[in-house]
Amino acid sequence: ATPLSVMVGTGKGARAGILIRSAEALETAHRLDTVVLDKTGTVTVGKPVLTDVHAVEGVEGFTEEELLRLVAGAEADSEHPLAAAITDGARDRGLTVPAVSGFDSVTGKGVRATVDGRALLVGTARLLADAGIAAAELTAAADAFSAQGRTPVLVAVDGQPAGVLAVADTVKDDSARAVAALHRLGVRTVILTGDNARTAAAIARQVGIPRVLAEVLPEHKADEIRRLQGEGRTVGMVGDGINDAPALARADVGLAIGTGTDVAIEAADITLISGSLSGVVTAIRLSRATLRNIK
Ligand code: ADP
Ligand code: MG
């Protein structure tokens, strides 16, 4: 593209709330045939809310309130959005969040903590499995939550499965519309998340995304982009989190959600100020129009 058409395209983008960092990004966007979308905070609003507490019955069974109180303590020092949902949920139910004595966050899996002298594991099925805890009693509840698009948070106390909490996030108003518009432009869509496969599939179904890459650890998100590029795809990546930064940098065009983290914005080529996914559609249309002008 000529410098003038790039300037015009960049200016139009800025007026539409799309900040394009380079001429190269504007030029490459028209070739995108695949757009990979992070789930939490990108397709969804990213403000999850605690919806359910299921406590395992048994000799050492906790009441739902006792379980929630302990879990809220374990999550009090975590910066994960799920943690905020759980501590807020506990306070909303009138519980006082207890102090935590030992705390470890396990990236992409959950937390390990000591609360009231009890050892808690809170997170994915894999987190419990890694600790050698067979959580078969938790599977039915976890599957029921994830089938509804909720994220199950499994809990073990002192090495025993103790319960499952569910946290729900809502999809953004225009996510489905933006996905449909991408498909009409001939662009394929993929959802990419660290969350479990069933939850991701339920969210993908709600917005019409046909392909799901789930249970991807943060350090492997960029590998998934590389793999798609290896299949000959030209890949756009849309994300908001620190976890997404390497994938945003790796993609042919990285698009950051403007309401997301600074790290994601710095790694990306384009920033969608409003955070709405229709910005991805606008960016591709703008790129196509810019390139058409000079041919
Ligand atoms: P994402 O933001 O895409 O869900 P993450 O890599 O941050 O991905 O986390 C992957 C999964 O690990 C989450 O969906 C959740 O199930 C679990 N997890 C991570 N951190 C926590 C936490 N603090 N408490 C409970 N579960 C967690
Ligand atoms: Mg995210």
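Scoring rules and cut-offs
- Residues numbered from 1 in each chain as written.
- Chains lettered and ligands numbered in written order.
- Predicted model: local features only at pLDDT ≥ 70, side-chain atom pairs only at ≥ 80, totals over all residues.
- Pairing = 2+ DSSP bridges.
- Helix = DSSP H or I, 4+ residues; strand = E, 2+ residues; numbered from the N terminus.
- Core = buried A, V, L, I, M, F, W, Y, C linked by C-beta atoms within 7 Å.
- Buried ≥ 20, exposed ≤ 12 C-beta atoms within 10 Å, placed from the backbone.
- Near = placed C-beta within 6 Å.
- Nonpolar A, V, L, I, M, F, W, Y, C, P; charged D, E, K, R; others polar.
- Domains from an automatic or database assignment.
- Arc of directions from axis to C-beta.
- Axes fitted to C-alpha atoms, helices over the stretch in contact; angles between N-to-C directions.

The name an unreviewed UniProt entry gives the chain is Heavy metal translocating P-type ATPase, with Streptomyces caeni as the organism.

Walk down a regular strand and you will see the side chains alternate between the two sheet faces. The pairing of strand β5 (residues 110-115) with strand β6 (residues 118-123) spans six bridges and is antiparallel. Within the sheet, the bridge partner assigned to Val-111 lies in β6 and is Val-122.

Okay, the nonpolar core next. Ile-191, Met-237, Leu-248, Leu-255, Ile-270 and Val-280 are the most contacted members of the largest nonpolar core, which has 49 residues in total. Element by element, the count of residues in this core is highest for helix α13 (residues 278-294), at five residues. Counting 40 residues, the second largest nonpolar core, distinct from the first, contains Ala-76, Ala-113, Ala-135 and Val-155.

If you check the shell around ligand 1, you find 21 residues, and the closest are His-80, Gly-108, Gly-123, Gly-194 and Asp-195. Elements that contribute at least two residues to the shell around ligand 1 include exactly α3 (39-43), α5 (81-92), β5, β6 and β7 (151-157). Here the shell around ligand 1 is composed, by residue class, of six nonpolar, eleven polar and four charged. Each of domain 1 (3-45 + 170-294) and domain 2 (49-168) accounts for three or more of the residues forming the shell around ligand 1.

Ser-175, Ala-178, Val-179 and Leu-182 are the residues of helix α8 (residues 175-184) that are buried. Projected down its long axis, α8 shows its buried positions confined to an angular sector of 100°, all on one face. Of the residues trailing α8, Gly-186 is marked for its positive phi of about 85°.

What follows is about the sheet that holds β5. Strand order in the open sheet formed by six strands is β3-β8-β7-β6-β5-β4, with antiparallel pairing between adjacent strands. Looking at which strands have only one partner, the edges of the open sheet turn out to be β3 (49-55) and β4 (100-106). Here the average twist between neighbouring strands, direction ignored, is 20°. As judged from the four bridges shared by β6 and β7, these two strands associate in the antiparallel manner. Following the sheet pairing, Gly-123 is matched in β7 by Leu-154.

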